[in-house]
Amino acid sequence: MSKAEPDELQPIADIDKLIHEPARLLVLAHLYVVESADFLFLMRQTGLTGGNLSSHMSKLEEAGYIAVEKEFVGKKPHTMLRLTNEGRKAFKEYVQSMKQVFNGLSER
Amino acid sequence: MTINLKEIQQKTYRYAQQDGFTELFMGIFFVFYGGICYDIFSDFTTDFPAIPFIFFFAFFGAALEVIRRRVTYPRIGRAKIVEDIKPWYFVAVILPLALLPAIMYITLRFFSDVWNVTLLVKWSPALLGIVLVGLFHDRADKTGNTLYYGFAVLSVVSGVVVSILDFSPVSKGIFIFFLPMGGVLFLFGLGMFIQFVRTYPAPEEDINVKS
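(A) Main features of a nonpolar patch on the surface. The grouping of Ile-85, Phe-90, Val-91, Leu-95, Leu-99 and Ile-103 of chain B at the surface amounts to a nonpolar patch, some 530 Å² of accessible area in total. By the secondary structure assignment, Val-91 of chain B is in helix H5 (residues 87-110).

Quick look at the structure:
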């Protein structure tokens, strides 16, 4: 069996590991299709628990992929999340990487 | 787990709009719009109240947001959906709906001696029925709910039927077309709202606090 050339493995190595985690991928996919969303909305849409979502949000915010914005609705503070330009770009690159990984894969 | 962005977008839109308020307001808009057209096509001889319509149209967006803040967002959260008006939608739906009353007014005022305006008025329900297909297709595409194609079929069929029938005055046909269309949409929206409050009976405690 021939060894895979390093160039052939590059797309796999290029996958963004932060996005590649299923829960974070789900969060980013849902934020990708909206301008912004609040915590409750994301929780319901992704099916993640509050604690789980909060933990993933922190990692994504640290990486600069999402922005957390506080606004006031009436007198109550309200938190909205949105994908940053960097996050949007990273997500698109992730999608491209995944397509490249499976491109040309033959059916068995 | 599958990631299909189109499906996620449709699911998100459906989820955010499940309160039925958009359909409710569309229903009210249709009734008012039909009445305004009836009044214009009758050369302003009917008693249809145009002023409330102007207020409704002007403040509809703000009113919807106020209602959603109190009723919808505390229950299901809030998302700012990307609302992009596609060029075909602007040309095929918004422009005809916006321009038809103006065109009819100008035609009635200045060209009624030259053109057979009665024929235009009589067949305007059929024409608008076809225009509304674009509106319902857009809704079906955004939500992924094919029921809106049923509304599209209804709008074409009822538009043609109303145009074939005779009314006195002829202009009454446009109101007869929009009244049941608006009524059906209103009831559809009401049904969605009832289902919504049964599914989410009480607002969530405010959990929009980042830990």
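(B) Structural context of the interface of chain B and chain A. The partner chain A presents 31 residues to the 28 residues of chain B that form the contact. The junction of chain B with chain A conceals about 2,700 Å² of combined surface from both sides, 60% of it contributed by carbon and sulfur atoms. Here chain B is connected to chain A by zero salt bridges. When contributions to the side of chain B that touches chain A are tallied by element, the ones reaching two or more residues are helix H1 (5-16), helix H4 (73-76) and strand E1 (79-81) of chain B. Here the element with the most residues in the side of chain B that touches chain A is H1 of chain B; it accounts for seven residues. In this structure, strand E1 (residues 34-38) of chain A lies alongside E1 of chain B, joined through three bridges in antiparallel fashion. In the strand pairing of E1 of chain B, Ala-37 of chain A is matched with Ala-79 of chain B.

(C) Inspection of the packing of aromatic side chains at higher detail. Residues and elements named next belong to chain B. Under the criterion given, the structure shown has 24 aromatic pairs over all chains. An angle of 15° between the planes, with centres 5.9 Å apart, marks the rings of Phe-25 and Phe-56 as stacked. Here Phe-25, found in helix H2 (residues 21-41), pairs with Phe-56, found in helix H3 (residues 50-71); they are 31 residues apart in sequence, far enough to count as distant. Considered together, Phe-25 and Phe-56 belong to a single accessibility category, that of buried residues. Pairing Phe-55 with Phe-59 gives two aromatic rings, centres 6.1 Å apart and planes at 15°, and the pair type is stacked.

(D) Highlighting the environment of Asn-52 of chain A. Its place among the elements puts Asn-52 of chain A in helix H5 (residues 50-62). Look at Asn-52 of chain A and you get partly exposed, because its relative accessible area is 34%.

(E) Broad picture of the sheet that holds E1 of chain A. Read across the sheet, four strands follow the order E2(A)-E3(A)-E1(A)-E1(B) without closing on themselves; strand pairing throughout is antiparallel. The sheet is open, and its two edges are formed by strand E2 (66-73) of chain A together with E1 of chain B, each paired on a single side. Sheet twist, expressed as the mean angle between neighbouring strand axes with direction ignored, is 25°. Where E2 of chain A lies against strand E3 (residues 76-83) of chain A, eight bridges are found, and the strand directions are antiparallel. From the neighbouring strand, Lys-70 of chain A faces E3 of chain A, where its bridge partner is Thr-79 of chain A. Sheet strands in contact with helix H4 (residues 39-46) of chain A are E1 and E3 of chain A together with E1 of chain B, and its direction is about 100° off that of E1 of chain A.

Rules of the game
Residues numbered from 1 in each chain as written. Chains lettered and ligands numbered in written order. Predicted model: local features only at pLDDT ≥ 70, side-chain atom pairs only at ≥ 80, totals over all residues. Heavy atoms only, no water. Patch = residues over 30% accessible without salt bridge, like charges linked within 9 Å, V, L, I, M, F, W, Y side chains within 5 Å. Areas by Shrake-Rupley, 256 points an atom, 1.4 Å probe, with all protein chains shown as cover. Salt bridge = Lys/Arg side-chain N within 4 Å of Asp/Glu carboxyl O. Helix = DSSP H or I, 4+ residues; strand = E, 2+ residues; numbered from the N terminus. Contact = heavy atoms within 4.5 Å. Buried area = accessible area lost by both parts, 1.4 Å probe. Pairing = 2+ DSSP bridges. Phe/Tyr/Trp six-rings, centres within 6.5 Å; stacked < 30°, edge-to-face > 60°. Buried < 20%, exposed > 50% of the residue type's maximum accessible area, 1.4 Å probe, protein only. Axes fitted to C-alpha atoms, helices over the stretch in contact; angles between N-to-C directions.

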